[in-house]
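# Descriptive analysis of the structure
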Amino acid sequence: VRREAPWDHRVRFNLAYVYQEYAHRTLNRTLKGAEKGKQQGEGDGRLAQVLNAIEDFKLALQLFLQIQAALQADKQKEGKKSLAQEIGIDKKRLGMHIQFCNKALTDSQPHLEAAKAEEDALKARRDAQAAARKKAEEARAVAIAQAEAAKELE
């Protein structure tokens, strides 16, 4: 957008809407996946997806706010369409998108905390499994060494 048509508010609006929709769908998918993951003991990568969705909401909000600022700064000249009319963006609809993004960012915080806790629990479980595997390998190595020492003594 910034390279192709940075002045085109319609393209910026569409891009912001795509960011918003993608982030919303990602959060919903990870939330449903978290419920299934608790049953199956999975959930790897959920934190990264939630963080990416939050970043997409922030980008969408930033773009919507830029458009809102441009619409508010628009000085309508006599006989000329306002910027909002020219690009076909309803100020009320734009405000609803801004409110949605703000609410989604607020509502996503508990989701983020849950994803972090899940990731930490998963890491702790992996670390415990790795420690148990290392201990078992060491015990096996000791048993093999003892068996070889016993054979040499015979």
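Treat the numbers as computed from the prediction; the structure is a model and nothing was measured. (Residues numbered from 1 in each chain as written. Predicted model: local features only at pLDDT ≥ 70, side-chain atom pairs only at ≥ 80, totals over all residues. Heavy atoms only, no water.)

Counting secondary structure elements, the chain contains four helices and zero strands. For the chain, contacts bridging at least 24 residues in sequence account for 79% of all contacts bridging at least 6. Summed over all atoms, the accessible surface of the chain reaches about 11100 Å², with 53% contributed by carbon and sulfur. (Helix = DSSP H or I, 4+ residues; strand = E, 2+ residues; numbered from the N terminus. Contact = heavy atoms within 4.5 Å. Areas by Shrake-Rupley, 256 points an atom, 1.4 Å probe, with all protein chains shown as cover.)

Turning next to the packing of helix α2 (residues 46-73) against helix α4 (residues 91-153). The contact between α2 and α4 brings their axes to 9 Å, and the two run at 160 degrees. If you check the angle between α2 and α4, you find them roughly antiparallel. Read as a crossing pair, α2 and α4 show a hand that is left-handed. Here the contact of α2 with α4 is composed, by residue class, of 20 nonpolar, six polar and six charged. (Axes fitted to C-alpha atoms, helices over the stretch in contact; angles between N-to-C directions. Parallel < 35°, antiparallel > 145°, perpendicular 65-115°, else oblique. Left-handed = near helix turned anticlockwise from the far one by under 90°. Nonpolar A, V, L, I, M, F, W, Y, C, P; charged D, E, K, R; others polar.)

Turning our eyes to something else, we now look at α4. Given a rise of 1.5 Å per residue, 63 residues ought to cover 93 Å, and the 91 Å separating the end C-alpha atoms of α4 matches this to within 8%. Considering bend angle alone, the principal kink of α4 is centred on Q109 and spans about 35 degrees; proline P110 follows within four residues of it. Within α4, burial applies to L94, H97, I98, C101, A104, L105, S108, H111, L112, A115, E118 and L122. (Expected span 1.5 Å × (residues − 1). Bend = angle between axes of the 7 residues up to and from the residue. Buried < 20%, exposed > 50% of the residue type's maximum accessible area, 1.4 Å probe, protein only.)

The next thing to look at is the environment of Q20. By secondary structure assignment, the location of Q20 is in helix α1 (residues 9-40). Each C-alpha atom, one on Q20 and one on F100, is 8.8 Å from the other, the two residues being 80 residues apart in sequence. If sequence neighbours within four positions are ignored, Q20 has contacts with F57, A60, F64, H97, F100 and C101.

This part takes up the environment of L105. Looking at the element boundaries, L105 is found in helix α4. By relative accessible area, which is 15% here, L105 ends up buried. C-alpha of L105 to C-alpha of L61: the two residues are 44 residues apart in sequence and 9.5 Å apart in space. If we skip the residues at most four places from it in the chain, L105 touches I54, F57, K58 and L61.

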